[in-house]
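Remarks on the overall topology
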Amino acid sequence: MFKYLIRRIVVSIPVLISVTIIIFALIELAPGDVADNFINPEIGYSAETLEAIRERFGLGQPAPVRYLKWLGNAVQGDFGLTYVSGEPVLAAIGRRLGNTLLLMSTALLVGTIIGVSLGVFTALRQYSFWDLALTTLSFVGISMPAFITGILGMYLFAIEWKIFPSGGMRPVQRDPTVWDTLHHLILPAGILSLAYIATFMRYTRFSMLEVLHTDYVRTARGKGLRERVVIWRHTLPNALLPVITVIGLSLPSLVVGAVFIETIFSWPGMGTMYLDAVNSKDVPLIMGMNTVIAIVVLTANLLTDLAYGMIDPRIRYD
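Quick notes on the rules
Every chain's residues receive numbers from 1 upward, in the order its sequence appears when written. Residues qualify for local features only when their pLDDT is at least 70, as the model is predicted, and side-chain atom pairs are given and counted only at 80 or more; totals for whole chains, interfaces and linings, by contrast, use all residues. Working from all heavy atoms in the structure, the side-chain values ignore hydrogens and water. Each helix is a run of H or I in the DSSP string that is no shorter than four residues. Each strand is a run of E no shorter than two, and both are numbered from the N terminus. Categorising residues by exposure relies on relative accessible area from a 1.4 Å probe, with only protein chains included: less than 20% of the type maximum marks a residue as buried, more than 50% marks it as exposed, and the intermediate range marks it as partly exposed. Accessible surface area values rest on a Shrake-Rupley calculation with a 1.4 Å probe, where residue burial reflects the displayed protein chains alone. Counting rule applied: Lys, Arg positive; Asp, Glu negative; His and chain ends not counted. By convention, charge coordinates are those of NZ in Lys, CZ in Arg, CG in Asp, or CD in Glu. A cavity here means a set of points on a 1 Å grid, drawn over the protein atoms and nothing else, where a 1.4 Å probe fits but cannot get out; a pocket is an open set with protein on both sides within 12 Å along at least five of seven lines, and a residue lines either one if it has an atom within 4 Å of a point. Grid points are joined across faces, edges and corners, and a volume is the space filled by probe spheres set on the points. Residue polarity is assigned by list, with Asp, Glu, Lys and Arg as charged and Ala, Val, Leu, Ile, Met, Phe, Trp, Tyr, Cys and Pro as nonpolar; anything else, Gly included, falls into the polar class. To form a nonpolar core, buried Ala, Val, Leu, Ile, Met, Phe, Trp, Tyr and Cys residues must be joined to one another through side-chain atoms within 4.5 Å. Contacts: residue pairs with any heavy atoms within 4.5 Å of one another. Within this document, salt bridges are pairs made up of a side-chain nitrogen of Lys or Arg and a carboxyl oxygen of Asp or Glu, the two lying within 4 Å of each other. Two rings from Phe, Tyr or Trp (for Trp, the six-membered ring) form a pair when their centres sit within 6.5 Å of each other. Planes less than 30 degrees apart are called stacked, planes more than 60 degrees apart edge-to-face, and all others tilted.

1. Re the overall build of the chain
When helices and strands are counted, the chain shows 12 helices and zero strands. When its helices and strands are written in sequence order, the chain yields α-α-α-α-α-α-α-α-α-α-α-α. Taken along the three principal axes of its C-alpha coordinates, the chain extends 85 × 55 × 35 Å. For the chain, buried positions account for 40% of its 318 residues. As displayed, the chain has an accessible area near 18000 Å², and 68% of this comes from carbon and sulfur atoms. Each charge class in the chain was averaged separately, 24 positive and 22 negative side chains, and the resulting centres sit 15 Å apart.

What follows is the structure in structure tokens.
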């Protein structure tokens, strides 16, 4: 296990560096000059002023030199200062990262529990009314993008019926409690989890049906084992292996969905900060956020691989 962990971490390093190179190249290829964001066009500016700004932030150096400087400092834990606020990038990210992880982990947990449960439920009732109804709803859930469900959910539950707050993470007129945070979290996390409920339900249903028709399940039934034992001990653990893969692969899209949901519900997470960084061409903040997101995704994929061994004891890592 330890050797496997070390091997995966070593393999992840070039992947992480490749991600930073691609992000930096995309920023360089984007139209416009980063230095223009520091100048108010209404008051005018001279070429000397623009050059002084480039010199101050090191923008006059060739792109490879600037990337290598950033990489060298990032390896030492220094991601630089944000262009807009001037605070350390890691401090800005750390202030928002917890809120985003709370939203994403809640959505993923809800999506996994409800999606897998409904997948087992429909697989055991193949071609029944519930199977057809939930399968139809799952197609709707998969087809609806996060920003559409977000706007629709806000209109129904926050504006029309006034069940949940329309935005933010806590009330502004008093100190927040745990219930306040949960009350603000339910709507955005529930909407973010809809697509994952549908996706995990579909994969679990398909995988369960495949395992239910295998020889060892028929043998277990032929030996006279109770149906509950056949389902929960012999069928579900083997059916979960492909579902775990799908859950791990869903994390990048979960990050993208969180960006839309945070923007719609004014959730103070990394999504809204990411959009602000892109609009202001805050290069250090964009690089730092993408690096953190890449580390989170790589770590989640590693945990997904480790989960295989917990579900299926036949899998060995040495």
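2. Observations regarding the layout of surface pockets
Here the largest pocket is characterised by a volume of approximately 480 Å³. Lining the largest pocket we find 18 residues, and of these Phe57, Arg66, Trp70, Tyr83 and Pro284 sit closest to its centre. Of all the elements in the fold, those that place two or more residues in the lining of the largest pocket are α3 (63-75) and α12 (283-311). The element that contributes the greatest number of residues to the lining of the largest pocket is α3, accounting for four residues. Of the residues contributing to the lining of the largest pocket, the split by class is 10 nonpolar, five polar and three charged.

3. Remarks on the nonpolar core
Judged by nonpolar contacts, the single largest core of 40 residues is most densely connected at Leu103, Leu192, Met208 and Leu254. Mapped onto this core, the elements with two or more residues apiece are α4 (89-123), α6 (146-160), α7 (178-212), α8 (215-222), α9 (227-249) and α10 (251-264). Filtering out sequence-adjacent residues up to four positions away, Met208 remains in contact with Val120, Ala123, Leu124, Ile231, Thr235, Leu236 and Ala239. If you look at the next biggest cluster of nonpolar residues, it comprises 25 residues, including Val34, Ile53, Trp70 and Val89.

4. Looking at the side chain of Glu262
Tracing the sequence through the fold places Glu262 in helix α10. As a buried residue without a salt bridge, Glu262 has its nearest oppositely charged side chain in Arg96, at a separation of 6.2 Å. What Glu262 contacts, discounting residues up to four positions off in sequence, is Thr100, Leu103, Trp267, Gly269, Met270, Gly271 and Thr272.

5. Brief notes about the packing of aromatic side chains
Here the structure, examined in full by the defined rule, presents nine aromatic pairs. Where Phe129 meets Trp130, the ring centres are 5.5 Å apart and the plane angle is 70 degrees; that geometry is what we call edge-to-face. Judged by relative accessible area, Trp130 falls into the partly exposed class, the value being 49%.

6. Remarks on unusual backbone geometry
Look at Lys162: it is not a glycine, yet its phi comes out positive at around 55 degrees. Checked against the element boundaries, Lys162 lands in the loop between α6 and α7. Here the phi dihedral of Ser266 falls at roughly 50 degrees; this positive angle occurs in a residue that is not glycine. Inspection of the secondary structure assignment puts Ser266 in the loop between α10 and α11 (270-279). Overall, the relative accessible area of 47% leaves Ser266 in the partly exposed class.

Everything listed here is a matter of geometry and, on its own, says nothing about what the molecule does.
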